[in-house]
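What the coordinates show
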Amino acid sequence: MSLQTTNPVKFAYWVPNVSGGLVISDIEQRTSWDIDYNRKLAQIAEANGFDYALSQIRFTAGYGAENQHESVAFSHALLAATTKLKVIAALLPGPWNPTLAAKQIATISHLTNGRVAINVVSGWFRGEFAAIGEHWLEHDERYRRSEEFIRALRGIWTEDNFTFHGDFYRFNNYTMKPKPVDPQPEIFQGGSSRAARDMAARVSDWYFTNGNTPEEIKKQVDDIRSKAAANGHSVKVGVNAFAIARETEDEARAVLDEIIAKANPEAVQGFADQVKNAGKASPEGEGNWAKSSLEDLVQYNDGFRSNLIGTPVQIAKRIIALKEAGADLILLGFLHFQEEVQFFGKHVIPLVRELEEEKLSTAVAAE
Ligand SMILES: Cc1cc2nc3c(=O)[nH]c(=O)nc-3n(C[C@H](O)[C@H](O)[C@H](O)COP(=O)(O)O)c2cc1C
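Residues numbered from 1 in each chain as written. Predicted model: local features only at pLDDT ≥ 70, side-chain atom pairs only at ≥ 80, totals over all residues. Heavy atoms only, no water.

When helices and strands are tallied, the chain shows 12 helices and 12 strands. For a compact globule of 367 residues, the expected C-alpha radius of gyration is about 21 Å, and the chain comes in at 20 Å, within 12% of that figure. Expressed as lengths along the three principal axes of its C-alpha atoms, the size of the chain is roughly 60 × 55 × 40 Å. Residue pairs at least 24 apart in sequence account for 76% of intrachain contacts in the chain once pairs closer than 6 positions are excluded. (Helix = DSSP H or I, 4+ residues; strand = E, 2+ residues; numbered from the N terminus. Rg over C-alpha atoms; globule rule 2.2 N^0.38 Å. Contact = heavy atoms within 4.5 Å.)

What follows is the structure, encoded as structure tokens:
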């Protein structure tokens, strides 16, 4: 057996298509939400070992992120500026229906040689739904709709004469052409409540979850993978993290302290008020943000909890621990995106690859 790394962990970064960066803090962030900054960032990322970029969808934001570019158009601009990077566009069922989404993404798939993927998000921001006149569905109903959305997309993308009669969407003998190029666009989803995990175990290719410790990630992974196996399905897992890689651990910790010290309390509280509609509002009271402290919420998706804060060696080891807990992909946010994506690609990813090789050689030697 060769010492080729099997299943190297994948790396993605959050596209800063929303203003204000990835932390709700007045600390200096050398990150911009404009397209020129983002095109260059995507090029830096693909040249430095990143596999994916994830764009966000927001229609409004009362908690600090005043400007938000739309995810599909923005993702296409990034795809047009790159050659290898895959870009995952967030879609919110409701504003998007599957008819338009299927066609939009199929066209982008042709324009970009199949490098587009989607992230189906289910909604948590009640103020946003109210602002755009979108009917508010209770927590688990949102997932029922998302699941129909995904089933409809897959049907339209793979079948001719597609017929589907759901509670939210209906298709009759519909043949969409052209279908996306092969391989089919990957379908990610975000959320970690019971309903989110059950949906992942039935229909999604990827499950994205908020930042957490390897122990807590493992619990989610075990739950999803056992259910998926029972459904004859398989699902990969992506974990969020806010990375602060510096030459010394003290330097990295000082940056975290400064982010928290300069957090904007009103904006963090505004965000905290809205995220109560996520996991906490599910029948089980579990899921994203259900246990987040105010400090955790300074980073939108609990990214400090994954603890990728320290030297490149410390971070690389913690990534391996997350991988061993079942993570297939690490989704990263940074303070100064262009500079730090480059630093991470040059100094952390190669260490992760070395550790992966070492693990593999140890495993082979033990055979
Ligand atoms: C990695 C990731 C990305 C997400 N991106 C978006 C987004 O762009 N827009 C949005 O409205 N919600 C987004 N969400 C929110 C989820 O779709 C979901 O509504 C939220 O996490 C609550 O899920 P839960 O109650 O199942 O835990 C994202 C979640 C994760 C984990």
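Another aspect to go through is the side chain of S75. Inspection of the secondary structure assignment puts S75 in helix 2 (residues 71-80). According to the relative accessible area criterion, S75 is buried, its value standing at 1%. (Buried < 20%, exposed > 50% of the residue type's maximum accessible area, 1.4 Å probe, protein only.)

Quick look at helix 3 (residues 98-111) now. An ideal rise of 1.5 Å per residue puts 20 Å on 14 residues; helix 3 measures up with 20 Å between its terminal C-alpha atoms. Where helix 3 is concerned, the buried positions are P98, A101, A102, I105, A106, I108 and S109. Buried residues in helix 3, looked at end-on, bunch into an arc of 165°, giving them a common side. On its buried side, helix 3 packs onto helix 2, strand 3 (86-91), strand 4 (116-120), helix 5 (139-158) and strand 6 (170-174). Looking at where helix 3 begins, the residue whose side-chain oxygen comes 3.2 Å from the main-chain nitrogen of T99 is N97. At the exit of helix 3 stands N113, carrying a positive phi of roughly 60°. (Expected span 1.5 Å × (residues − 1). Arc of directions from axis to C-beta. Polar contact = N/O pair within 3.5 Å; in protein donor to acceptor, adjacent residues only side chain to side chain.)

This part covers the sheet that holds strand 7 (residues 187-190). Strands sit in the order 1-2-3-4-7-8-9-12 around a closed barrel of 8 strands; the barrel is parallel. Strand-to-strand twist across the sheet, computed as the mean angle between neighbouring axes with direction ignored, equals 25°. (Pairing = 2+ DSSP bridges. Axes fitted to C-alpha atoms, helices over the stretch in contact; angles between N-to-C directions.)

What follows deals with the packing of helix 1 (residues 35-47) against helix 11 (residues 337-347). Between helix 1 and helix 11, whose axes approach to 9 Å, the crossing angle comes to 5°. Comparing their axes, helix 11 and helix 1 come out roughly parallel. Contact residues: helix 1 offers Y37, K40, L41, I44 and A45, while helix 11 offers F337, Q338, V341 and Q342. Of the residues belonging to the contact of helix 1 with helix 11, the class tally is 6 nonpolar, 2 polar and 1 charged. (Parallel < 35°, antiparallel > 145°, perpendicular 65-115°, else oblique. Nonpolar A, V, L, I, M, F, W, Y, C, P; charged D, E, K, R; others polar.)

Let's shift gears to the pairing of strand 1 (residues 10-14). Of all 5 residues that make up strand 1, 4 are buried, and the element is covered over most of its length. Here strand 1 pairs with strand 2 (residues 52-54) via 3 bridges, running parallel. Within strand 2, the residue paired with Y13 across the bridge is A53. With respect to chirality, the unit in which strand 1 leads through helix 1 into the neighbouring parallel strand 2 is right-handed. (Right-handed = clockwise from strand over helix to strand, strands pointing away.)

With respect to burial, strand 12 (residues 329-333) is a largely interior element, 5 of its 5 residues being buried. The side-chain alternation of strand 12 yields two buried faces, one formed by L329, L331 and G333 and the other by I330 and L332. For strand 1 and strand 12, the ladder comprises 4 bridges, and the chain directions are parallel. For K10, the partnering residue across the bridge sits in strand 12 and is L329. With 5 bridges connecting them, strand 9 (residues 236-242) and strand 12 associate as parallel partners. The residue of strand 12 that forms the bridge with F242 is G333.

Let's shift gears to empty space enclosed by the protein. According to the stated counting rule, one finds 1 cavity of 30 Å³ or more in the structure shown. By volume, the largest cavity amounts to about 620 Å³. Lining the largest cavity are 40 residues, and of these W14, V121, W124, W289 and N301 lie nearest its centre. Residue contributions to the lining of the largest cavity peak at 3 residues, all from helix 5. (1 Å grid on protein atoms, 1.4 Å probe; cavity = no way out; pocket = protein on both sides within 12 Å on 5 of 7 lines; lining within 4 Å. Points joined across faces, edges and corners; volume = space filled by probe spheres on them.)

Here the focus is the pattern of salt bridges. The tally for this structure, following the rule as stated, stands at 27 salt bridges. Notably, a salt bridge pairs R30 with E28, separated by 3.1 Å at the nearest N-O pair. Among the residues examined, R30 registers a relative accessible area of 37% and is labelled partly exposed. Of the charged contacts, one joins K359 and E324 as a salt bridge, the two residues approaching to 3.1 Å between their closest N and O atoms. Within this pair, whereas K359 is found in helix 12 (residues 349-366), its partner E324 is found in helix 10 (residues 312-324), the two being separated by 35 residues in sequence. Look at E324 and you get exposed, because its relative accessible area is 53%. One network of salt bridges, with partners in common, ties together R194, R197, D198, D223, K227 and E286. (Salt bridge = Lys/Arg side-chain N within 4 Å of Asp/Glu carboxyl O.)

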